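Below are the chains, spelled out letter by letter.
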Amino acid sequence: MRKLLLSVLLLAATLRAATPSVDADRLLDHIKFLASDDLKGRAAGSPELDRAADYIAQQFKEIGLRPGGDDGTWFQPFQVVAGMTVGAGNSLVISDMSKSVRLALGSTYYPLSTVPNESPDSPSDREERLPLVFAGYGLSARDANYDDYDGQDVSGKAVLIFTHEPQESDTNSKLNGSRPMPQTTLYQKAAVAHGLGARLLIVVSDPSHRTDPGLFTMFNAVPDLDEAGMPVLRVRRNEMQPLLDAWGLDALATQIDRDLRPRSRLIKDATVDYTEFLAHNRKTVRNVVGVIPGSDPAKAREAIVIGAHYDHVGLGGRLSMTPERAGEIHNGADDNASGTASIIEIARVAHEQRARFPRTLVFVAFAGEERGLLGSAYYADHPVISMANTVAMLNLDMVGRARGAVDISGLEVSPSMEADLKAAAQTGGEGLSIARQGPGAGRSDDFNFLSHRVPAINFFTGFHADYHRPTDDWEKIDAPGTKRVATLALELAAQIAERPTRPEFVYRDR
Ligand SMILES: [Zn+2]
Ligand SMILES: [Zn+2]
């Protein structure tokens, strides 16, 4: 009996010694490199993003993975639109019979949205002598019985609106009290105007915001615009003031604030002339792909993808939460150097323990996530093992701030994976409380697997005040916590790799 116990203990000790685990120091080293100022925030199409890709490929190679990219390389190159080139000859003139105001791009107006174009030398848009409609605050809030477009025909016209909303600081306002309504975002305002056929939207600070917070520095530092289907132009209030006075628009805003009755109108004899020379920058970016073939020749035809995006938002701009700090490096340590480091170290341990994985593991560091999940979309169209034979995807996006907890989403499309997660938590969930969340709903790269009916699980340690800001730095990373999340993902991959049957995919009604 005693002897048996001793040999069991010895066996356990041997197993432990032989079981390498994810190493927190190595994780942190990768994060320090990827989130260093040298890599300038890993923007789409930047040389620094290429350096990050080369680094990841080098790691995959040293670990002993097989290249899974095009033509025996580590890479899947594809094109993305990233930023704009500003051409010469941009112009905006707003006039009536007696006054004409000529505005200057980058100092008295800048576009928030553009119409795509391939060359900065030909106009991407030219609008001549458009009639101008004043549409109050540009709000269409039917549920609150307030619509600035009520009875107005803006089709084929330019529309001028104020920022914010009426009764903005009135806690009793029926427009959501002193909280902004969802319709108050510029994005929503632009969508409404475009939906009604407007050709151009001019946005001016409302009278209660005379200190104009227009983000000229952002446009000048990182021109990178939304696509609202038409030009949306932020025009500085100072230059507009003579026209606002002549047309009485500030007085109309005051009246709207008083009684919440829209006072939209066509401005007699007013016209807008606009010419735009802006072109999209098209850049090549690369997914990095490494493979560990399954240890069972029959099951090796099926794959588990373990992915993380390695791009970030560079110097900020449109994708920054602090656009006024455009031009500063957004290091992206948590988002998503943490996930990238994790898949590298999961790959290292999985390769050392490859007998544990009857199914094939495909490691993918995605580019283009911040620009709309583009790398995972590309991978889904060019998979190493067909999507039909990809049995599951594990995604790690922002796993650097665990502090004892991780959110796991996606289990509801594959309820039987709950048992795999439980088993994984037994071996790899130490020191982590696991919160189950609904599916990511398009927030990260797991989306492009779910949309191909591949069960996809996302690991996430939560939003924080440094999200998409220059302060998402490696010093704030919880490396032992990242190690725990990575270990849990590794163990979940091992459970899925050994399953007798593949995880199911259950449709949900959203
Ligand atoms: Zn992310
Ligand atoms: Zn992000």
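Our subject in this report is the structure included herewith. Computed from a predicted model, the values in this text were never measured in an experiment. (Residues numbered from 1 in each chain as written. Chains lettered and ligands numbered in written order. Predicted model: local features only at pLDDT ≥ 70, side-chain atom pairs only at ≥ 80, totals over all residues. Heavy atoms only, no water.)

**Examining the overall build of the protein**
We count it as follows: Working definition: helices are DSSP H or I runs of at least four residues, strands are E runs of at least two. Numbering for both runs from the N terminus. Accessibility here uses a 1.4 Å probe with only protein chains present; expressed as a share of the type maximum, an area under 20% marks a residue as buried, one over 50% as exposed, and anything in between as partly exposed. Contacts were defined at the residue level, with two residues in contact if any of their heavy atoms lie within 4.5 Å. Computed with a 1.4 Å probe, the accessible areas rest on the Shrake-Rupley method; for each residue, only the protein chains presented here act as cover. Residues counted as positive are Lys and Arg, residues counted as negative are Asp and Glu, and His and the chain ends are not counted. Note that the charge is assigned to NZ on lysines, CZ on arginines, CG on aspartates and CD on glutamates.
Scanning the protein from terminus to terminus reveals 12 helices and 19 strands. Per-residue burial for the protein yields a buried fraction of 56% across its 510 residues. Residue pairs in contact within the protein that sit at least 24 positions apart in sequence constitute 84% of those at least 6 positions apart. Carbon and sulfur atoms provide 51% of the accessible area of the protein, an area that totals close to 21300 Å². Averaging the coordinates of the 55 positive side-chain charges in the protein and doing the same for the 67 negative ones gives two points 3 Å apart.

**Comments concerning the pairing of strand 10 (residues 200-204)**
Here is the rule: At least two bridges found by DSSP between two strands are what make those strands a pair. By convention, a crossover is right-handed whenever its connection, traced from the first strand over the helix to the second and viewed with the strands pointing away, goes clockwise.
A large share of strand 10 lies buried, amounting to five of its five residues. A two-sided burial pattern is seen for strand 10, the buried positions comprising Leu200, Ile202 and Val204 on one face and Leu201 and Val203 on the other. As judged from the five bridges shared by strand 9 (residues 158-162) and strand 10, these two strands associate in the parallel manner. Across the sheet, the residue bridging to Val159 is Leu201, located in strand 10. In this region the chain leaves strand 9, passes through helix 4 (residues 186-195) and returns to the parallel neighbour strand 10; the handedness of that crossover is right-handed. Here three bridges tie strand 10 to strand 11 (residues 232-235), and the two strands are oriented parallel to one another. Paired with Leu201 across the two strands is Val232, which belongs to strand 11.

**Description of helix 12 (residues 479-498)**
Owing to its 3.6 residues per turn, the α-helix aligns residues three or four sequence positions apart on the same side. Let me state the cut-off plainly: In this analysis, the expected span of each helix is defined as 1.5 Å times one less than the number of residues it contains. In the analysis that follows, any N or O atom pair within 3.5 Å is treated as a polar contact, provided that within protein one partner can donate a hydrogen and the other can accept it, and provided that, for residues neighboring in sequence, both atoms belong to side chains.
Between its first and last C-alpha, helix 12 extends 29 Å over 20 residues, near the 28 Å set by a 1.5 Å rise per residue. In terms of burial, helix 12 is a largely internal element, 15 of the 20 residues being buried. The backbone nitrogen of Gly481 has a side-chain oxygen 3.0 Å away, supplied by the residue at the start of helix 12, namely Asp478.

**Digging into helix 4**
Note the threshold: Relevant arc is that of directions from the helix axis to the C-beta atoms, nothing else.
Taken residue by residue, helix 4 has Lys189, Ala190 and Ala193 as its buried positions. In an axial view of helix 4, the angular spread of the buried residues amounts to 100°, which keeps them on one side of the axis. Exposed side of helix 4, more than 90 degrees from the buried face: Tyr187 and Gly195 are the residues found there. In the core, the buried residues of helix 4 are packed alongside strand 9, strand 10 and strand 11. Remark: Gly197 follows helix 4 within two positions and exhibits a positive phi of approximately 95°.

**Some remarks on the coordination of the zinc ion (ligand 2)**
What counts, and what does not: The donor definition counts N, O and S atoms within 2.8 Å of each metal and applies 3.2 Å to Na, K and Ca; water is not among these atoms, so some sites may look incomplete. Any site counts as irregular unless it has four donors with all angles between 85 and 135 degrees, making it tetrahedral, or four or six donors with opposite ones more than 155 degrees apart and the rest between 65 and 115, making it square planar or octahedral.
Protein coordination at the zinc ion (ligand 2): the donors are Asp335 (OD), Glu370 (OE), Glu370 (OE) and His468 (NE2), at 2.0 to 2.4 Å from the metal. Geometry at the zinc ion (ligand 2) is irregular, judged from the four donor atoms that bind it and their angles of 59 to 154° at the metal. For the zinc ion (ligand 2), the single-chain donor residues occur in sequence as D-x34-E-x97-H. In this structure, the zinc ion (ligand 2) lies 3.5 Å from the zinc ion (ligand 1), and both are coordinated by Asp335. You can see Glu370 sitting in the loop between strand 15 (360-366) and helix 9 (374-381) and its partner His468 sitting in the loop between strand 19 (456-460) and helix 12, a full 98 residues away along the chain. What makes His468 buried here is its relative accessible area of 5%.

**With respect to the coordination of the zinc ion (ligand 1)**
Of the protein atoms, only His309 (NE2), Asp335 (OD), Asp397 (OD) and Asp397 (OD) coordinate the zinc ion (ligand 1), at distances of 2.1 to 2.6 Å. Coordination geometry of the zinc ion (ligand 1): the four donor atoms subtend angles of 54 to 150° at the metal centre, consistent with an arrangement described as irregular. Mapping the donors of the zinc ion (ligand 1) onto the primary sequence gives the spacing H-x25-D-x61-D.

**Some points on the layout of surface pockets**
Once rolled over the atoms, a probe with the size of a water molecule shows which space is left empty. Under the convention used in this document: We place a 1 Å grid over just the protein atoms. Points where a 1.4 Å probe fits but has no way out form a cavity, open points with protein on both sides within 12 Å along at least 5 of 7 lines form a pocket, and any residue with an atom within 4 Å of a point lines it. Grid points are joined across faces, edges and corners, and a volume is the space filled by probe spheres set on the points. Residues are grouped as follows: nonpolar covers Ala, Val, Leu, Ile, Met, Phe, Trp, Tyr, Cys and Pro; charged covers Asp, Glu, Lys and Arg; every other residue, Gly included, is treated as polar.
Approximately 930 Å³ is the volume found for the largest pocket. Along the wall of the largest pocket there are 30 residues; nearest its centre are Leu112, Leu186, Tyr187, Asp226 and Arg318. The class makeup of the residues in the lining of the largest pocket is 17 nonpolar, seven polar and six charged.

**So, the nonpolar core**
Formally: To define a nonpolar core, start from buried Ala, Val, Leu, Ile, Met, Phe, Trp, Tyr and Cys residues and group those joined through side-chain atoms within 4.5 Å.
Core analysis: the largest hydrophobic core is formed by 71 residues, its most contacted members being Phe60, Val288, Ile306, Tyr310, Phe363, Leu396 and Phe459. Take this core: its biggest share by element is 11 residues, from helix 12. Within the second largest apolar cluster, 36 residues are counted, among which are Leu92, Leu175, Leu233 and Ile267.

**Points about the packing of aromatic side chains**
Put simply, the rule is: Ring pairs are drawn from Phe, Tyr and Trp, using the six-membered ring of Trp, whenever the two centres fall within 6.5 Å, and their geometry is named by plane angle: stacked under 30 degrees, edge-to-face over 60, tilted for the rest. Placement of a charge over a ring requires the Lys NZ or Arg CZ to be within 6 Å of the ring centre, with the centre-to-atom vector within 35 degrees of the ring normal.
Enumeration over the complete set of coordinates arrives at 13 aromatic pairs. Considering the side-chain rings of Phe78 and Tyr378, the 5.0 Å spacing of their centres and the 15° angle between planes classify their relative orientation as stacked. Here the residue Phe78 occupies a position in strand 2 (residues 75-86), and Tyr378 occupies one in helix 9, the gap between them amounting to 300 residues. A relative accessible area of 7% places Phe78 in the buried class. On the basis of an interplanar angle of 55° and a centroid distance of 6.3 Å, the ring pair of Phe366 and Phe449 is categorised as tilted. Of the two residues, Phe366 is situated in strand 15 and Phe449 in helix 11 (residues 447-450); the sequence distance between them amounts to 83 residues. Both residues of the pair, Phe366 and Phe449, count as buried. Put simply, the rings of Phe60, Trp74 and Phe363 touch in pairs and so form one group of aromatic residues. Positioned above the aromatic ring of Trp474 is the side chain of Lys32, whose terminal nitrogen or guanidinium carbon lies 4.6 Å from the ring centre.

**Focus: the pattern of salt bridges**
Worth spelling out the cut-off: In the sections that follow, a salt bridge refers to a side-chain nitrogen of Lys or Arg positioned within 4 Å of a carboxyl oxygen of Asp or Glu.
Applying the stated criterion to the full structure yields 24 salt bridges. The residue Asp466 makes a salt bridge to Arg401 at a minimum N-O spacing of 3.0 Å. Of this pair, Asp466 sits in the loop between strand 19 and helix 12 while Arg401 is found in the loop between strand 16 (390-396) and strand 17 (405-409), placing the two residues 65 residues apart along the sequence. Of the charged contacts in the structure, one is a salt bridge between Asp420 and Arg499, with a shortest N-O distance of 2.5 Å. One end of the pair, Asp420, is in helix 10 (residues 417-428); the other, Arg499, is in the segment after helix 12, with 79 residues separating them in the sequence. On the basis of relative accessible area, Asp420 is assigned to the buried category, the value being 8%.

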